[in-house]
Amino acid sequence: MWPSLIAKAKAGGLDVIETLVFWNLHEPQPEQFDFSGQRDIVRFIKEIQAQGLYACIRIGPFIQGEWSYGGLPFWLHDIPGIVYRSDNEPFKYQMKKFVSKIVNMMKAEKLYASQGGPIILSQIENEYGMVEAAFRDKGPPYLRWAAEMAVGLQTGVPWVMCKQNNAPDPVINACNGRRCGETFPGPNSPNKPAIWTENWTSFYQVYGDEPDIRSAEDIAFHVALFIAKKGSYVNYYMYHGGTNFGRTAAAYLLTSYYDQAPLDEYGLFRQPKWGHLKELHAAIKFCLNPMLSGVYTSMALGKSQEAFVYRGNSVDCAAFLVNNDTRKTVVVTFQDSLYELPPKSISILPDCKTVAFNTAKLSTQYNTRAVETSKKLDSIVKWEEYKETIPTFDDTSLRADMLLEHMNTTKDNSDYLWYTFRFQNDFSDAEYVLNVTSSAHVLHAFVNGSFVGSTHGSFKTKTPILEIKITLNKGTNYISLLSGMVGLPDSGAYLERRVAGINTVKVKGEHEIKDFTRYSWGYQVGLLGEKLQVYTDSGSNKVKWNTYGSSTHQRLTWYRTLFDAPAGKDPVTLNLESMGKGEAWINGQSIGRYWVSFLTPKGIPSQTRYNVPRSFLKRTDNLLIILEEENGYPLGISIDTISITKVCGHVSESHLPPVISWQGQNKTEHNNSKKHHGRRPKVQLQCPPGRNISRILFASYGNPTGDCENNAIGSCHSFTSLPTIEERICTIPVWSKKFGNDPCPGIPKTLLVDAQCT
């Protein structure tokens with residue numbers, strides 16, 4: 001997918017592709033490096049270079065990024081005396097070794113700009129300013145060491161630290177957030193540029209939370225403001241979000257990541273976000289000459305209005321007119337001309353005269369993402385099941401007279417850790433209550449092999465408690481508790497001290513309360529199906545699969561089936577809305593964790609569809625393996641495709657023409673020629689590659705009501721709307737002359753067109 005994604009970013013007006021570097025992905029075990037396949041960072045940088053773009057690598061190597069353990073490999077935890085991200089020799093030794101490894105790889109391939117390559121910027125550490133104080137006297141020396149170590153590697157290009165206002169020279173301090181044009185105090189030295197390393201295009205989502213949607217207008221406003229205030233570089237986090245395949249997502253993080261980015265999880269255009277930002281980038285680039293060589297001034301235009309001006313020679317001049325009022329449109333005077341500024345907007349004037357772009361005026365198209373079911377996997381005869389073994393104390397070889405900490409026991413080799421014990425019960429026909437407290441994310445309890453209850457925490461509620469009535473045998477009883485993590489923590493100081501797993505276990509009866517917290521426990525890391533790798537072709541043949549539904553349902557069941565890849569090239573998605581919680585594999589590749597049963601406050605699942613890149617698929621007989629922890633119904637699973645099926649334009653006479661037309665306007669004005677009449681607001685419609693506009697679903701020139709989602713003809717409507725649009729179809733000026741005549745003089749006109757793509 002890399003070439004297509006990079007090409008779409010370039011088409012959107014981007015100049016640089018920025019990537020984090022994932023230490024735990026590249027060095028999963030000490031000195032065992034992996035740069036193959038999806039991990040081939042050199043190939044990724046070379047693909048950027050091949051498309052004529054620059055690159056930034058954020059080595060960290062702590063990255064946070066909603067990535068499990070913040071990108072740190074868990075084996076660091078076992079190094080004696082280590083303290084992460086501190087003036088600590090064991091950590092600094094390992095960190096320098098990895099950073100040097102990455103830098104030397106880039107140097108060997110001549111990928112730094114100083115060598116003629118595309119890398120113009122590198123980052124060391126990540127948002128250390130948020131935790132520096134927690135390390136007290138060990139924080140500042142580590143910060144200085146990290147900067148000196150990075151600069152000492154002599155890449156020939158600058159290094160940056162984000163959210164680090166005291167970044168040591170010559171390392172550049174940078175801003176992260178949504179409003180860096182308002183919040184960033186600026187470079188901490190006059191010879192450093194203003195850099196924004198993370199402009200959040202939406203926000204990451206955790207299970208149980210509603211998605212955080214950020215509008216195209218808001219993103220554009222804050223980019224324009226940062227540039228207006230002498231900002232040099234703005235990075236979108238994320239421009240393409242993507243997927244947390246496997247177990248890479250951090251604690252409680254969705255498998256889907258930043259699906260609301262300008263390029264969505266599947267790499268499709270998210271409109272109007274992608275198109276509006278493309279227009280913004282074009283407008284800014286028209287201002288480059290005066291911005292790079294002119295004199296910078298700012299001035300007040302009103303109580304909440306201001307102008308930022310770059311003035312070069314007699315011709316070169318660019319201005320950004322800002323309205324910070326969030327409620328009302330204002331008219332300002334700038335250079336003896338009047339300009340109308342919508343609420344919370346910025347107008348960009350590449351010649352200090354003509355408005356090329358306004359951040360609040362959306363002229364780009366909208367699109368609609370649709371799902372088509374390709375294959376329902378609803379045949380009982382095609383599904384098989386394998387019940388996970390519920391271990392007892394007698395089955396375990398790892399023993400301890402205490403409750404072990406979850407993460408240090410599993411070493412991040414599995415989400416799961418079994419805690420088991422056995423005890424004698426001298427009473428019969430008595431009521432008992434099992435009480436368990438945990439600092440893991442999920443807990444499933446089994447008594448004598450039977451499921452008795454489960455509980456889970458959330459991103460905000462860290463410690464789940466299970467208290468449930470149970471029935472015990474007279475004599476020996478076996479209790480098995482499955483502790484589960486949904487990703488490791490990814491942030492905060494002293495990450496190596498974080499703990500998880502079961503904290504206390506008590507059995508309350510009529511006669512006594514037994515505390516098993518300090519007791520003889522048996523442990524099993526992971527599930528037997530994981531150990532046997534039943535999600536692979538070879539591993540699935542190591543166990544006996546039964547016909548689906550051939551016996552009583554059990555929590556913790558593996559399901560298996562085969563399916564053919566959907567025809568065509570549209571992105572493929574696995575619909576798991578009928579399932580509960582678990583993980584899915586296709587042809588041995590983990591598609592990621594799912595947790596459909598965890599509902600948002602609106603009562604809907606956080607995520608039901610899971611991205612399956614076509615490169616993971618064969619034409620026929622793709623092996624789908626599902627691990628279901630709860631009561632999911634695999635016959636409700638389907639293989640779907642996702643595509644853009646509708647495009648819509650909604651533009652009024654007060655909107656601006658496409659930015660591309662500004663250059664022609666600018667030239668004719670400088671030549672004192674006749675005004676360029678092609679510069680009018682336009683509805684521009686374009687289906688994605690491989691699809692064409694097949695039908696106009698709605699068309700009205702006049703005052704249609706509603707928007708691209710719901711619309712209707714208003715009191716003013718040109719009856720030539722449909723034939724006019726069908727004739728021009730892709731680019732239609734908002735101009736009465738094009739529709740034969742003015743259908744209602746004196747009324748402001750709008751053109752709304754909704755079209756189907758097939």
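Small disclaimer: the values here were computed from a predicted structure and weren't measured.

### What to know about the state of the cysteines
Right, on to step 1. Enumeration according to the criterion identifies five disulfides in this entry.
Right, on to step 2. For Cys175, the disulfide goes to Cys180, at an S-S distance of 2.0 Å. Where Cys175 bonds to Cys180 through sulfur, the torsion about that S-S bond is close to -85°, and the disulfide is left-handed.
Right, on to step 3. Overall, Cys175 belongs to the buried group, its relative accessible area being 7%.

### Structural notes on the sheet that holds strand 4 (residues 159-162)
Right, on to step 1. Pairing in this open sheet of seven strands is parallel, and the strands run 1-2-3-4-5-6-7 from one edge to the other. Each edge of the open sheet carries a strand with a single partner, namely strand 1 (16-20) and strand 7 (231-237). Shown here is a sheet whose adjacent strand axes are inclined to one another by a mean of 25°, direction ignored.
Right, on to step 2. Relative to strand 2 (residues 54-60), helix 4 (residues 89-108) is tilted by about 165°, and along the sheet it contacts strand 2, strand 3 (119-124) and strand 4.
Right, on to step 3. Helix-sheet contacts for helix 5 (residues 139-152) involve strand 3 and strand 4, and the interaxial angle to strand 4 is about 155°.

### What about the side chain of Thr364?
Right, on to step 1. Its location among the elements puts Thr364 in the loop between strand 14 (357-358) and strand 15 (366-376).
Right, on to step 2. The residues contacting Thr364, other than those within four sequence positions of it, are Gln271, Pro272, Gly275 and His276.

### Describing helix 8 (residues 273-285)
Owing to its 3.6 residues per turn, the α-helix brings residues three or four apart onto one side.
Right, on to step 1. The end-to-end C-alpha distance of helix 8, which contains 13 residues, comes to 18 Å, matching closely the 18 Å that a straight helix rising 1.5 Å per residue would cover.
Right, on to step 2. By the criterion of burial, helix 8 is predominantly enclosed, with 10 of the 13 residues buried.
Right, on to step 3. Looking only at helix 8, the buried set comprises Lys273, Trp274, Gly275, His276, Leu277, Glu279, Leu280, His281, Ala283 and Ile284.
Right, on to step 4. Structurally, helix 8 contributes buried residues whose contacts are with helix 1 (2-11), helix 7 (216-228), strand 7, helix 9 (288-293), strand 13 (345-349) and strand 14.

About the criteria used
- Residues numbered from 1 in each chain as written.
- Predicted model: local features only at pLDDT ≥ 70, side-chain atom pairs only at ≥ 80, totals over all residues.
- Heavy atoms only, no water.
- Disulfide = S-S within 2.5 Å.
- Buried < 20%, exposed > 50% of the residue type's maximum accessible area, 1.4 Å probe, protein only.
- Pairing = 2+ DSSP bridges.
- Helix = DSSP H or I, 4+ residues; strand = E, 2+ residues; numbered from the N terminus.
- Axes fitted to C-alpha atoms, helices over the stretch in contact; angles between N-to-C directions.
- Contact = heavy atoms within 4.5 Å.
- Expected span 1.5 Å × (residues − 1).

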